[in-house]
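Residue-level structure breakdown
Now for the letters of each chain:
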Amino acid sequence: QVQLVESGGGLVQPGGSLRLSCSASGSIFSIGAMGWYRQAPGNERELVATTGSGDSTNYADSVKGRFTISRDSAKNTVYLQMNNLKPEDTAVYYCNAVIKANYRDYFRLYWGQGTQVTVSS
C-alpha cells in the first residue's frame, strides 16, 4: 500500500535549475532515511544524496555544492534542489525511503517510479 510518487523532472539548459519532489503515501507508521539516486543510459544506478530523520545529509562528490536535499517529515516528502545543472546530470532520478508501514511491520526500502531529468542546450 505504501507508494512513493516523484515529480519535477524535465528539460533544462546547462546552468539551469530544477527541484524534484517525492511524497510517500499509504500506510505509514514511521519513515527513516530518504534519498535520491540516478541512472543514466548504460550506467549503474548511483547515489545522489541522502538525508536521515535528523536532517543529516550525504552527497555524491559530483553534486556537492550544486544539489541540496531536504525533507518535510510532516508531509512525508523529500526534495532535491538541483542548481547549475550540467549535461552529465542527465539521468532518470529515483527517490527511496525506508518505511515502517505499521507497528506490527518492519522497515522496508521503497522506491519511486523515477523522473527524467535532461540537461541539454
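Residues numbered from 1 in each chain as written. Predicted model: local features only at pLDDT ≥ 70, side-chain atom pairs only at ≥ 80, totals over all residues. Heavy atoms only, no water.

**Quick look at the overall build of the protein**
Looking only at helices and strands, one finds zero helices and eleven strands in the protein. Secondary structure of the protein in N-to-C order comes out as β-β-β-β-β-β-β-β-β-β-β. In terms of C-alpha radius of gyration, the protein reaches 14 Å, essentially the compact-globule figure of 14 Å for 121 residues. Along the longest, intermediate and shortest principal axes, the C-alpha atoms of the protein span 50 × 25 × 25 Å. Of all 121 residues assigned to the protein, the portion counted as buried reaches 42%. The contacts of the protein with a sequence gap of at least 6 include a subset with a gap of at least 24, amounting to 57%. Just so you have it, the protein exposes about 6400 Å², and 46% of that area is on carbon and sulfur atoms. (Helix = DSSP H or I, 4+ residues; strand = E, 2+ residues; numbered from the N terminus. Rg over C-alpha atoms; globule rule 2.2 N^0.38 Å. Buried < 20%, exposed > 50% of the residue type's maximum accessible area, 1.4 Å probe, protein only. Contact = heavy atoms within 4.5 Å. Areas by Shrake-Rupley, 256 points an atom, 1.4 Å probe, with all protein chains shown as cover.)

**Some details on the pattern of salt bridges**
Tallying each qualifying case throughout the model produces five salt bridges. For the salt bridge of Arg-38 with Glu-46, the shortest nitrogen-to-oxygen distance reads 2.8 Å. For Glu-46, a relative accessible area of 36% corresponds to the partly exposed category. Note that Arg-38 and Asp-89 form a salt bridge whose closest N and O atoms lie 3.0 Å from each other. Of the two residues, Arg-38 sits in strand 4 (residues 30-39) while Asp-89 sits in the loop between strand 8 (77-82) and strand 9 (91-100), which places them 51 residues apart along the sequence. Both residues of the pair, Arg-38 and Asp-89, count as buried. In the salt-bridge network here, residues are joined through shared partners; they are Arg-38, Glu-46, Arg-66 and Asp-89. (Salt bridge = Lys/Arg side-chain N within 4 Å of Asp/Glu carboxyl O.)

**Looking at the packing of aromatic side chains**
Per the counting criterion, the structure on display carries one aromatic pair. Sitting over the face of the ring of Tyr-79, Arg-19 holds its NZ or CZ atom 4.1 Å from the ring centroid. The ring of Trp-111 carries the charged tip of Arg-45 above its face, separated from the ring centre by 4.8 Å. (Phe/Tyr/Trp six-rings, centres within 6.5 Å; stacked < 30°, edge-to-face > 60°. Lys NZ or Arg CZ within 6 Å of the ring centre and 35° of its normal.)

**As for the pairing of strand 11 (residues 115-119)**
Covered by surrounding structure in strand 11 are Thr-115, Val-117 and Val-119 only, the residues Gln-116 and Thr-118 on the alternate face being uncovered. By the bridge criterion, three bridges tie strand 2 (residues 10-12) to strand 11 in an arrangement that is parallel. Note that in strand 11 the partner of Gly-10 across the bridge is Val-117. Relative to strand 11, strand 9 runs antiparallel, the two being bridged by three bridges. Residue pairing in the sheet places Val-92 in a bridge with Gln-116 of strand 11. (Pairing = 2+ DSSP bridges.)

**A closer look at unusual backbone geometry**
Positive phi is not limited to glycine here, since Asn-76 has a value of about 55°. Along the chain, Asn-76 turns up in the loop between strand 7 (67-72) and strand 8. The partly exposed category is assigned to Asn-76, whose relative accessible area is 23%. Even without glycine at this site, Asn-84 takes up a positive phi of about 50°. Within the secondary structure, Asn-84 is located in the loop between strand 8 and strand 9. The class of Asn-84 is partly exposed, set by a relative accessible area of 43%.

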